[in-house]
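Observations on the three-dimensional arrangement
Given next are the chains, with one letter for each unit.
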Amino acid sequence: MSSEIEKTKVLIIGSGPAGYTAAIYAARAGLNPVLYTGGQPGGQLTITTDVENYPGYPDGIMGPEMMEDFRKQAERFGTQVRYGMVTKVDFSSRPYTVTVDEQKEIIAETVIISTGASAKWLGIESEERLNGKGVSACAVCDGFFFRGQDVAIVGAGDTACEEASYLANICSKVYMLVRREEMRASQIMQKRVMNNPKIEILWNTETDEILGVDEVNGVRVYNNKTGEKRELKVSGFFVAIGHEPNTSIFKETIDMDENGYIKTIPGSTKTNIEGVFACGDAQDHIYRQAVTAAGTGCMAALDAERYLAAVELV
Ligand code: NDP
């Protein structure tokens, strides 16, 4: 290992809207941030198609292209964007040691965690093949493309109920596929879907195959009690079975909730470790939008800048 260990004032982990926005702000503040992209450069938006709800793009933009724009804007002000995966962090004493790809060590005065979350998927072949072609894990992002059409949604938690209700406002019919004979969601959310005439709940129902070649034109489901199969004619298939925050490497040191989302001090991006900030979906299981992630990325950079100014004064 090289004897010269690199040092940086701000190390940003993750390259979704939160990470790149933090980079833009930190770079413009003269902090020369280093950003590691993680395994999916650009984050979750690189697996979506059109983004129509990000302000500033009146005609919409493709997710991957938008993330390219974010990256270019971060680089324009001097962010060093590097491909690599942070595999270990040592927050036991300041400055902090961060290991990249299990080899390279960097000493960071502040760390911004923007590692995001990943949607859980059913794991069937047709779901992967038709992803972005009618299969989606985000009703708020993609529901609009199916306005006036019939769709199906899998899941029975609060997210699935919320998204089913959202879809029912746009689509003509929503089939909700629930694998047990009860829901996990809170009572109030359950009532909302049960009382919605546009939502039909299919209990004990699992997905056999999503039908279609280049686009979704149906789904074959089966009743896991009776084995009975049926085909539903739908053009959109939404998966809402939960998300997994990408936070496992911080487990030992950073305070998290029971689902692994990083806890931040309300009104800030501060974590329980001073000089370590968290933004984007790694700390937000409620809003999960590109624009909210970008907003908290901005907050993280400002928090880091203020923190550095304060410790330099001491
Ligand atoms: P949850 O883990 O709460 O629910 C996941 C749902 O997906 C469960 O109903 C589960 O079924 C189902 N599921 C999991 N795997 C499969 C599968 N392979 N096939 C079919 N169904 C499957 O995730 P959520 O995203 O709904 O919620 C996460 C957290 O966020 C919760 O704490 C929730 O309360 C909170 N939340 C709160 C909101 C609010 O208050 N407005 C809005 C959204 C989320 P099963 O029950 O059978 O295991």
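The rules behind each value
Residues numbered from 1 in each chain as written. Predicted model: local features only at pLDDT ≥ 70, side-chain atom pairs only at ≥ 80, totals over all residues. Heavy atoms only, no water. Helix = DSSP H or I, 4+ residues; strand = E, 2+ residues; numbered from the N terminus. Rg over C-alpha atoms; globule rule 2.2 N^0.38 Å. Areas by Shrake-Rupley, 256 points an atom, 1.4 Å probe, with all protein chains shown as cover. Lys, Arg positive; Asp, Glu negative; His and termini not counted. Charge placed at Lys NZ, Arg CZ, Asp CG, Glu CD. Axes fitted to C-alpha atoms, helices over the stretch in contact; angles between N-to-C directions. Left-handed = near helix turned anticlockwise from the far one by under 90°. Contact = heavy atoms within 4.5 Å. Nonpolar A, V, L, I, M, F, W, Y, C, P; charged D, E, K, R; others polar. Disulfide = S-S within 2.5 Å. Buried < 20%, exposed > 50% of the residue type's maximum accessible area, 1.4 Å probe, protein only. Near = heavy atom within 4 Å. Polar contact = N/O pair within 3.5 Å; in protein donor to acceptor, adjacent residues only side chain to side chain. Core = buried A, V, L, I, M, F, W, Y, C linked by side-chain atoms within 4.5 Å. Domains from an automatic or database assignment. Buried area = accessible area lost by both parts, 1.4 Å probe. Salt bridge = Lys/Arg side-chain N within 4 Å of Asp/Glu carboxyl O. Parallel < 35°, antiparallel > 145°, perpendicular 65-115°, else oblique. Pairing = 2+ DSSP bridges.

Let us look at the overall build of the protein. Scanning the protein from terminus to terminus reveals 7 helices and 19 strands. For the protein, the C-alpha radius of gyration of 21 Å lies close to 20 Å, the compact-globule estimate for 314 residues. Along the first, second and third principal axes, the C-alpha set of the protein runs to 65 × 40 × 35 Å. As displayed, the protein offers around 15600 Å² of accessible surface, 48% of which is attributable to carbon and sulfur atoms. If you average the places of the 31 positive and of the 43 negative side-chain charges in the protein, the two averages end up 2 Å apart.

Attention now goes to the packing of helix H5 (residues 158-170) against helix H6 (residues 187-194). To characterise two packed helices, one gives the angle between the axes of the helices and the distance between these axes. One can describe the packing of H5 onto H6 by two numbers: an axis separation of 9 Å at closest approach and a directional angle of 35 degrees. The two elements H5 and H6 cross, and the hand of that crossing is left-handed. Along the contact surface, H5 presents Asp158, Cys161, Glu162, Ala164 and Ser165, while H6 presents Met189, Gln190, Arg192 and Val193. A class-by-class count of the residues in the contact of H5 with H6 yields 4 nonpolar, 2 polar and 3 charged.

On inspection of all chains with the given rule, the structure shows 1 disulfide. Among the cysteines around Cys171, which has no disulfide bond, Cys138 carries the closest sulfur, lying 13 Å off. What makes Cys171 buried here is its relative accessible area of 1%. Free of any disulfide, Cys279 has its nearest cysteine sulfur in Cys298, 9.9 Å distant. Looking at Cys279, the relative accessible area reads 0%, which means it is buried.

Glancing now at the site of the ligand. Surrounding the ligand, one finds 14 residues, the nearest of these being Asp158, Thr159, Arg179, Arg180 and Arg184. The separation between a nitrogen atom of the ligand and a polar side-chain atom of Glu162 is 3.0 Å. Burial of the ligand by the surrounding chains reaches 72%, relative to a free accessible area of 920 Å². Tallying contributions element by element places H5 first for the shell around the ligand, with 3 residues. Here the shell around the ligand is composed, by residue class, of 4 nonpolar, 5 polar and 5 charged.

With that out of the way, let us pick up the nonpolar core. In terms of nonpolar packing, the biggest core is built from 30 residues, with Val10, Ile12, Tyr20, Tyr54, Met66 and Ile112 touching the most fellow members. Those elements that place two or more of their residues in this core are strand S1 (6-13), helix H1 (17-28), helix H2 (63-76) and helix H7 (290-313). Take this core: its biggest share by element is 8 residues, from H7. Residues in contact with Tyr20, not counting those within four places in the same chain, are Ser15, Leu35, Thr37, Met67, Phe70, Arg71, Ala74 and Val81. The next biggest cluster of nonpolar side chains, apart from the first, holds 22 residues, and it includes Phe146, Ile153, Ala156 and Cys161.

In terms of domains, the protein is made up of domain 1 (5-118 + 243-310) and domain 2 (121-239). Between the C-alpha centres of domain 1 and domain 2 there is a distance of 32 Å. Every contact between the two is made by 8 residues of domain 1 and, on the other side, 9 residues of domain 2. Buried area between domain 1 and domain 2, both sides added, is near 670 Å², and the carbon and sulfur share of it is 46%. Counting every contact that joins domain 1 to domain 2 gives 0 salt bridges. For the pair domain 1 and domain 2, the number of links is 1 residue pair in polar contact (both at pLDDT 80 or more). Its residues assigned to classes, the side of domain 1 that touches domain 2 shows 1 nonpolar, 4 polar and 3 charged.

Attention now goes to the packing of H1 against H2. For the pair H1 and H2, the least separation of the axes is 8 Å and the interaxial angle reads 20 degrees. Between H1 and H2, the crossing angle belongs to the class labelled roughly parallel. Here H1 and H2 pass one another in a crossing that is left-handed. Contact with H1, carried on its side by Pro17, Tyr20, Thr21, Ala23, Ile24 and Ala27, involves Met67, Phe70, Arg71, Gln73 and Ala74 of H2 and no other residues of that element. Partitioning the contact of H1 with H2 into residue classes produces 8 nonpolar, 2 polar and 1 charged.

What follows concerns the pairing of strand S8 (residues 104-113). Burial runs high along S8: 7 of the 10 residues are buried. By the bridge criterion, 5 bridges tie strand S7 (residues 96-100) to S8 in an arrangement that is antiparallel. Looking across to S8, one finds that Tyr96 is bridged to Ala108. Two elements, S8 and strand S19 (residues 276-278), share 3 bridges in a ladder whose sense is parallel. Bridging across to S19, Ile112 finds its partner in Phe277.

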